[in-house]
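Breakdown of the fold
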Amino acid sequence: MKNILCIVKSYADKVRGGGETYLHFFLKELNNKFPNVNLEVLIPNQKTITHTKFEGINIHTTNEPNYLGYIDKCDILITQLDESVKTLRYGLSKEKECILIIHNHLNFHFEFTKNPKVFIIYNCYDMFIRFSNAGNTNDNHFILNPYCDFPKYSLSVNSNDRDYITFINPIRRKGADLVLNCAKYFPKKKFMIVKGGYYHDKAIKYIEEFRKLPNCFVVDNVKSNEMIKIYNKSRIILQPSRDHETYGMVCVEAISSGVPVILSKMRWAWGNMGKLGLYCYVPRNTGSDDEDDATIKECYELFNCIKLLDEPATYSLWRQFYFDRALEKYEEERTQMDEFINIFKNKFLNISIE
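Residues numbered from 1 in each chain as written. Predicted model: local features only at pLDDT ≥ 70, side-chain atom pairs only at ≥ 80, totals over all residues. Heavy atoms only, no water.

**Looking at the pairing of strand S4 (residues 57-61)**
Of the two faces of S4, the one holding Ile57, Ile59 and Thr61 is buried and the one holding Asn58 and His60 is not buried anywhere. The pairing of strand S2 (residues 38-43) with S4 spans four bridges and is parallel. Pairing of Val41 across the sheet is with Ile59, part of S4. Taken together, the five bridges between strand S3 (residues 50-54) and S4 define a ladder with antiparallel strand orientation. Paired with Lys53 across the two strands is Asn58, which belongs to S4. Counted between consecutive antiparallel strands, the loop separating S3 from S4 contains two residues, among which Glu55 sits at a positive phi close to 50°. (Buried < 20%, exposed > 50% of the residue type's maximum accessible area, 1.4 Å probe, protein only. Helix = DSSP H or I, 4+ residues; strand = E, 2+ residues; numbered from the N terminus. Pairing = 2+ DSSP bridges.)

Shown next, in the form of structure tokens:
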């Protein structure tokens, strides 16, 4: 029996970030396809040692300083994001089969994306291109888009209880200042502001401002399986991110539910929506939280996209266009996963492909 160990900073049972959600669906696929493989998730640097199961995945937290020693007993090592550097360096020193999932274009990953001994999974084509153009790739890689449960979300496509313009994770890098201007500019429209799963300290000042407006309703962060309730109440989703999104899971879930999404003009958005899309100008973020917020003038393109969807016939056309795009993305991901499963059988489990 092969032993797979996944070491990460956080997991989808506690944190509903894009990376955590991506990893959970990925591991569930492996777990379901290969029931004879022992798959464990280890989360280090925690207060206590715990052992739980989340949707079939065994999760262990630990406060042990020497947790990397658990790698000695595994055959295949999987990691991503914050824990990747320490985990992979140790795993490679023990000659383990290593898989790194890439969500961001970060310099500290270059030593691994160029290393032919590490199998790289890029979460979208755009991410692969960013590494490839800089000469930081190896031939041992695969592109696997995030999974979105289109059949589940699409069940609510005809929901009529949709009154809100919704914005998720109210921090500056996600465009909270632009959405705040929208709520002030459209006082008769209802806005739903959903707290994010991380960077809570950076959201406080914007949440306070949203709560001062009578047309804004702030709700707590919800679990992954409850997000569909948010989409069912949403007429439009705003995602005017200032920074590069690695994939934009919210927009794919939303359009799968039949909700049009207005996005910033960035390559990650084109990768999801294609060249046709409801795009708006967004002032770029330099990384500082002390920058001035966007002016009303800088929000005009966002305002105009919202006004465009006020016309019922136009709204219906965009809704159908996006819904069809979501179906294409779902079918594409399913094909990719089937291809990866065959690679995994052959490369990591030594099972020949018939």
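From this point, things continue past the structure.
**Let's talk about helix H11 (residues 300-308)**
Buried within H11 we find Leu302, Phe303, Cys305 and Ile306. All buried residues of H11 lie within an arc of 160° about the axis, which places them on one face of the element. Elements in contact with the buried residues of H11: strand S9 (164-168), helix H6 (176-185), strand S12 (234-239), strand S13 (261-264) and strand S14 (278-280). (Arc of directions from axis to C-beta. Contact = heavy atoms within 4.5 Å.)

**Examining the pattern of salt bridges**
All chains considered together, the criterion is met by 14 salt bridges. Between Asp293 and Arg172 there is a salt bridge whose closest N-O contact spans 3.6 Å. Of the two residues, Asp293 sits in the loop between S14 and H11 while Arg172 sits in the loop between S9 and H6, which places them 121 residues apart along the sequence. Assessed through its relative accessible area of 5%, Arg172 is described here as buried. Residues participating in the shared-partner salt-bridge network are Glu29, Glu333 and Arg334. (Salt bridge = Lys/Arg side-chain N within 4 Å of Asp/Glu carboxyl O.)

**Quick notes on the sheet that holds S9**
Across the sheet, which stays open at both edges, the six strands sit in the order S11-S10-S9-S12-S13-S14 with parallel pairing between neighbours. A single partner strand is all that each edge strand has here, and the edge strands are strand S11 (216-219) and S14. Strand after strand, the sheet turns through a mean of 25° between neighbouring axes, direction not considered. Here S9 runs beside S12; their pairing, made up of four bridges, is parallel. Considered in S12, the bridge of Phe167 is made with Leu238. Here H6 sits on the sheet and contacts S9, strand S10 (190-194), S11 and S12; the angle it forms with S10, its principal contact strand, is near 155°. H11 contacts S9, S12, S13 and S14 of the sheet and is inclined by roughly 155° relative to S14. (Axes fitted to C-alpha atoms, helices over the stretch in contact; angles between N-to-C directions.)

**Section: the environment of Ile306**
For Ile306, the position within the fold is in helix H11. For Ile306, a relative accessible area of 0% gives the class buried. Sequence-wise, Ile306 and Met227 are 79 residues apart; in three dimensions their C-alpha atoms are separated by 22 Å. If we skip the residues at most four places from it in the chain, Ile306 touches Ile165, Cys182, Phe186, Lys189, Leu238 and Ile262.

**Comments concerning helix H2 (residues 84-93)**
Those residues of H2 that sit buried are Ser84, Val85, Thr87, Leu88 and Gly91. The arc enclosing the buried residues of H2, seen along the axis, measures out at 165°, which places them on a common side. On its buried face, H2 is in contact with strand S1 (3-7), strand S5 (76-80), strand S6 (97-102) and helix H3 (110-113). Following H2 by one or two positions, Glu95 adopts a phi angle in the positive range, close to 55°.

**Things to note about the nonpolar core**
One finds Phe191, Phe210, Tyr231, Leu238, Ile262 and Leu263 to be the most contacted residues of the largest nonpolar core, which totals 63 residues. Once residues lying within four places of it in the same chain are set aside, the contact partners of Ile262 are Ile236, Ile237, Leu238, Gln239, Pro240, Leu278, Cys280, Leu302, Cys305, Ile306 and Leu309. (Core = buried A, V, L, I, M, F, W, Y, C linked by side-chain atoms within 4.5 Å.)

**Looking at the sheet that holds S4**
Strand order across the open sheet formed by eight strands is S3-S4-S2-S1-S5-S6-S7-S8, with mixed pairing between neighbours. Each of the sheet's edge strands pairs with one partner strand only, and the pair in question is S3 and strand S8 (141-143). When strand polarity is set aside, the average angle formed by the axes of neighbouring strands in this sheet is 20°. Pairing analysis gives four bridges linking S1 to S5, with the strands arranged parallel.

**Some details on a nonpolar patch on the surface**
On the surface, Tyr185, Ile296 and Tyr300 cluster together into a nonpolar patch covering about 280 Å² of accessible area. You can see Ile296 is positioned in the loop between S14 and H11. A relative accessible area of 36% places Ile296 in the partly exposed class. (Patch = residues over 30% accessible without salt bridge, like charges linked within 9 Å, V, L, I, M, F, W, Y side chains within 5 Å. Areas by Shrake-Rupley, 256 points an atom, 1.4 Å probe, with all protein chains shown as cover.)

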